[in-house]
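Close look at the chain arrangement
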Amino acid sequence: MNHVLIGISGGIAAYKVCEVVSSLAKRGIEVRVILTRSASEFVTPLTFATLSRQPAYTDVDFWQPSNGRPLHIELAEWADVILLAPMTANTLAKVAYGMADNLLTNTLLAAECPILFAPAMNTTMWLQPTVQENWHKVLTFSKYTAIAPTDGILACDAVGTGRMAEPEIILEYLESFLFTQGKQDLKGRRILVNAGGTREFIDPVRFIGNPSTGKQGLAIAKAAIHRGAKVTLITSNSSPLVGSGLGVKTVRTSAEMHQAMLEEFPNADITIAAAAVGDVRSKMQSDRKLPKSEIPLNLELEYIPDIIADLATRKRPDQILVGFAAQTGTEAEVMTAAQEKLQRKGLDAIAANAVNTSLTGFGTDTNQAIFIHKEGHEQTTPLCSKLELAHRLFDFL
Ligand SMILES: Cc1cc2nc3c(=O)[nH]c(=O)nc-3n(C[C@H](O)[C@H](O)[C@H](O)COP(=O)(O)O)c2cc1C
Ligand SMILES: CC(C)(COP(=O)(O)O)[C@@H](O)C(=O)NCCC(=O)NCCS
Ligand SMILES: [Mg+2]
């Protein structure tokens, strides 16, 4: 799976799709682009052809007598996933009614692969009842997945809903879809994820913390959204780029994390705890910054209650609870420690990952883990992106 077909319709947000095409091509993914006539008014086919290292197609190509097999059939069969970005109000209406009057809309009808839509338009256009009706209609078809527009400044200086999802968000969807073939197996599921490292404050400017950046937890949240879930992310000391479908709560300390997890846990079908929660904190916590001379050199510590073990005691039979175990040591040592945690804490599964290599663990973009299920089966992942690891975890569960 590595053929991405990108359809571009006539909006100013087309300029941002150049970056999407360029990034995919640099990762060795084959990209082809179809432009509508209006799209070519904004960015030339030559730009996309050059960035993708492939011909870019327009309606001129559609009507070529030299094609042999119809071009829209060839392109539809070639694609593993199609992205339509930006999607105009006009093209959305055509899709909603199955219309096919240009190369792009004919290709969409001829395609069997999953199709991602990233609309972009002025807020008043977006909120028109006709546009909203078309949008909700297309989303009832399983072949189509929405990358909903976000709030912010538009090209007409207005501020509101209608901004196309950022290239980074679109690229993450594509990475997911190339791995999962677009399956929506978490549709209707509510997923709770925590991420990041907690900070246990001694005073307002000093804390006991850890190097967790929240990247793995955030990747799990995104993977779940890409598979159709509704996701709540509780994050500590990490600032996610928020796309749609993600509810985010920010906390600082393990006590705040514990409280937030207790509030959200009853609503979750699956809970995945990827946060690095502190194990100890200072008994003494000052509200004002301590002068250096007042910082005790023998700081008295206390253990922090184990959040995930607490959740396990409250778990209903229909709920799934998964932990992460960051370990150092050999693969055998990592396994033994994770197995012990799985049992002692009463989890359904655990993902053990080594944090003492340069490509896995804290702050890296890649990771590697061993998944262990309480019923005994286990699976070792290859070294892969944190997003892929998240998908492998959902497949395992
Ligand atoms: C400067 C300019 C900006 C436009 N921006 C958008 C836009 O962001 N979203 C949209 O739906 N239509 C936008 N349009 C209107 C579309 O280009 C127009 O509806 C066109 O018919 C769409 O054709 P297509 O869907 O085949 O690409 C814009 C038009 C102009 C002239
Ligand atoms: C136009 C743009 C891509 C600009 O993004 P930018 O502010 O990141 O440069 C973004 O504002 C967007 O997606 N807008 C929605 C489409 C739009 O503004 N259309 C024309 C307004 S009438
Ligand atoms: Mg711990």
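Residues numbered from 1 in each chain as written. Chains lettered and ligands numbered in written order. Predicted model: local features only at pLDDT ≥ 70, side-chain atom pairs only at ≥ 80, totals over all residues. Heavy atoms only, no water.

Looking at an unreviewed UniProt entry, one finds the protein named Coenzyme A biosynthesis bifunctional protein CoaBC and attributed to Pseudanabaena galeata UHCC 0370.

Before going further, it helps to spend a moment on the overall build of the protein. Regarding its fold elements, the protein presents 15 helices and 22 strands. Referenced to the eigenvectors of the C-alpha coordinate spread, the extents of the protein come out at roughly 80 × 50 × 40 Å. Considering the protein as a whole, with its 397 residues, one finds that 53% of them fall into the buried category. Of the contacts made within the protein by residues no fewer than 6 positions apart, 67% connect residues no fewer than 24 positions apart. Carbon and sulfur atoms provide 53% of the accessible area of the protein, an area that totals close to 18200 Å². (Helix = DSSP H or I, 4+ residues; strand = E, 2+ residues; numbered from the N terminus. Buried < 20%, exposed > 50% of the residue type's maximum accessible area, 1.4 Å probe, protein only. Contact = heavy atoms within 4.5 Å. Areas by Shrake-Rupley, 256 points an atom, 1.4 Å probe, with all protein chains shown as cover.)

Most of strand 17 (residues 320-327) is tucked away: six of the eight residues are buried. Bridge count between strand 14 (residues 270-273) and strand 17: four bridges; the pairing is parallel. Among the inter-strand pairings, I272 is bridged to a residue of strand 17, identified as V322. Direction of pairing for strand 17 relative to strand 18 (residues 349-354): parallel, over a ladder of six bridges. (Pairing = 2+ DSSP bridges.)

The biggest cluster of nonpolar side chains holds 65 residues, and the ones touching the most others in it are I6, F48 and I170. In this structure, I6 is in contact with V17, V20, V21, L24, V31, R32, V33, I34 and L83, ignoring residues within four places of it in sequence. The next biggest cluster of nonpolar side chains, apart from the first, holds 29 residues, and it includes L75, A79, M87 and I115. (Core = buried A, V, L, I, M, F, W, Y, C linked by side-chain atoms within 4.5 Å.)

What surrounds ligand 1 is a group of 14 residues, the closest being G10, T36, T88, A89 and T91. Here an oxygen atom of ligand 1 sits 2.6 Å away from a polar atom, N or O, in the main chain of G10. With respect to ligand 1, the side chain of N90 contributes an N or O atom lying 3.0 Å from an oxygen atom. Bound to the protein, ligand 1 loses 61% of the 640 Å² it would expose on its own. With three residues, the single largest contributor to the shell around ligand 1 is helix 6 (residues 89-96). Tallied by class, the residues present in the shell around ligand 1 amount to six nonpolar, eight polar and no charged. (Near = heavy atom within 4 Å. Polar contact = N/O pair within 3.5 Å; in protein donor to acceptor, adjacent residues only side chain to side chain. Nonpolar A, V, L, I, M, F, W, Y, C, P; charged D, E, K, R; others polar.)

Taken together, 14 residues form the shell around ligand 2, and within it Y15, K16, A155, R163 and M164 come nearest. Backbone polar atom of A155 to an oxygen atom of ligand 2: 2.9 Å apart, as the coordinates give it. For ligand 2, an oxygen atom lies 2.9 Å from a polar atom in the side chain of R163. The protein chains hide 75% of the 530 Å² of surface that ligand 2 would expose on its own. Of all the secondary-structure elements, those providing two or more residues to the shell around ligand 2 are helix 1 (14-26) and strand 8 (159-163).

When you line up the elements, S9 lands in the loop between strand 1 (3-8) and helix 1. A polar side-chain atom of S9 sits 2.6 Å from the main-chain carbonyl oxygen of P86. Of note is the side chain of S9, whose polar atom sits 3.0 Å from the backbone nitrogen of T88. Residue contacts for S9: discarding those within four places in its chain leaves T36, A39, L84, P86, M87, T88, T91 and L104.

Axis separation between helix 11 (residues 215-226) and helix 15 (residues 386-396) bottoms out at 8 Å; the angle between their running directions is 60°. Overall, the two elements helix 11 and helix 15 adopt an arrangement that is oblique. Seen along the crossing, helix 11 lies across helix 15 with a hand that is right-handed. Together, K215, Q216, A219, I220, K222, A223 and A224 of helix 11 and K386, L387, L389, A390, H391 and F394 of helix 15 make up the contact between the two elements. (Axes fitted to C-alpha atoms, helices over the stretch in contact; angles between N-to-C directions. Parallel < 35°, antiparallel > 145°, perpendicular 65-115°, else oblique. Left-handed = near helix turned anticlockwise from the far one by under 90°.)

Let's shift gears to the packing of helix 1 against helix 3 (residues 45-52). Two numbers describe how helix 1 lies on helix 3: the axes approach to 8 Å, and their chain directions differ by 20°. Our classification of the angle between helix 1 and helix 3 gives roughly parallel. In the crossing of helix 1 with helix 3, the sense of the turn from one axis to the other is right-handed. On the side of helix 1, the interface is formed by A14, V17, C18, V21, S22 and A25, while helix 3 contributes T47, F48, L51 and S52. Along the lines of polarity and charge, the residues of the contact of helix 1 with helix 3 split into seven nonpolar, three polar and no charged.

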